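Spelled out from the first residue to the last, the chains are:
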Amino acid sequence: MRLHPEETEAGPWRRVDDDELAALLARLLPDGRGVLLVDGRSGTGKSTVAARIADLLDGAVVHSDDLAWHHDAFAWDDLATTHVIEPWRRGERIDYTPPGWVAQGREGSVTVPDGVRVLLLEGVGAGRASLAEHADAVVWVQSDRDEARERGLRRDVELGRTPAEAERFWDEWMAAEEPFLAQDRPWERADLVVCALESEWAPGRTTVARG
């Protein structure tokens, strides 16, 4: 697996079925309830991993992209803490309109269904130090950097960008993402690492390593 120079490959890896994955995650959460952060580089499949975990644990996912939308690519951790994690801990209903939504007139809000026992926050930087102190566990999604780039470019083209636009957007985003992650090193506080190589991803099967 080709990684960025500051990141080491997790291991030993082992393949688990959904029941085993659910059991591993449940042991990280007190009484089956808590806040789980899903972090990883762009294009690694964080959203897919978070969705699988949410299905297994009857959880709900909040995406950092929604908090950061027309606000700031990385300085959204205060929004997550103040308006999502802390009120959810207090048992309050989550129905939050981020500042970028207000400024741009975007309809809707970030919501979490009532009665959810596991709150997942996913996105680049979700496992940063300032958020990990408010969470019960961190999952790092690790993937080959070339494969992640290919996956990210393919996704952006599917969303409507031309290949040239997708390349330019990726390079501009990496110029901000790479130094941010290199400084914070969220993989070092991961309780569980998920291998996101496409060859290791299949329905009902996940390849994992202890953090």
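Our subject in this report is the structure included herewith. (Residues numbered from 1 in each chain as written. Predicted model: local features only at pLDDT ≥ 70, side-chain atom pairs only at ≥ 80, totals over all residues. Heavy atoms only, no water.)

A few words now on the layout of surface pockets. If you add up the space inside the largest pocket, you get close to 990 Å³. Of the residues assigned to the lining of the largest pocket, the class counts are 13 nonpolar, 11 polar and 10 charged. Space inside the second largest pocket adds up to approximately 210 Å³. Looking at the second largest pocket, it is lined by 19 residues, and the ones nearest its centre are His-4, Arg-145, Ala-148, Trp-170 and Met-174. Only β7 (137-142), α7 (145-158) and α8 (163-184) provide two or more residues apiece to the lining of the second largest pocket. For the lining of the second largest pocket, the per-class residue count stands at 6 nonpolar, 5 polar and 8 charged. (1 Å grid on protein atoms, 1.4 Å probe; cavity = no way out; pocket = protein on both sides within 12 Å on 5 of 7 lines; lining within 4 Å. Points joined across faces, edges and corners; volume = space filled by probe spheres on them. Nonpolar A, V, L, I, M, F, W, Y, C, P; charged D, E, K, R; others polar. Helix = DSSP H or I, 4+ residues; strand = E, 2+ residues; numbered from the N terminus.)

Take unusual backbone geometry next. In this model, Gly-11 is joined to Pro-12 through a cis peptide bond whose omega is 0 degrees. Located in the positive-phi region is Arg-185, a residue other than glycine, with phi close to 55 degrees. By secondary structure assignment, the location of Arg-185 is in the loop between α8 and β8 (192-195).

The subject of this paragraph is the packing of helix α1 (residues 18-26) against helix α2 (residues 46-57). Two numbers describe a pair of packed helices, the interaxial angle and the distance between the axes. α2 packs onto α1 with a crossing angle of 85 degrees between their chain directions and a minimal axis gap of 10 Å. Judged by the inter-axis angle, α1 sits roughly perpendicular to α2. In this structure, α1 contributes Asp-18, Leu-21, Ala-22 and Leu-25 to the contact, and α2 contributes Arg-52, Ile-53, Leu-56 and Leu-57. When its residues are assigned to classes, the contact of α1 with α2 shows 6 nonpolar, no polar and 2 charged. (Axes fitted to C-alpha atoms, helices over the stretch in contact; angles between N-to-C directions. Parallel < 35°, antiparallel > 145°, perpendicular 65-115°, else oblique. Contact = heavy atoms within 4.5 Å.)

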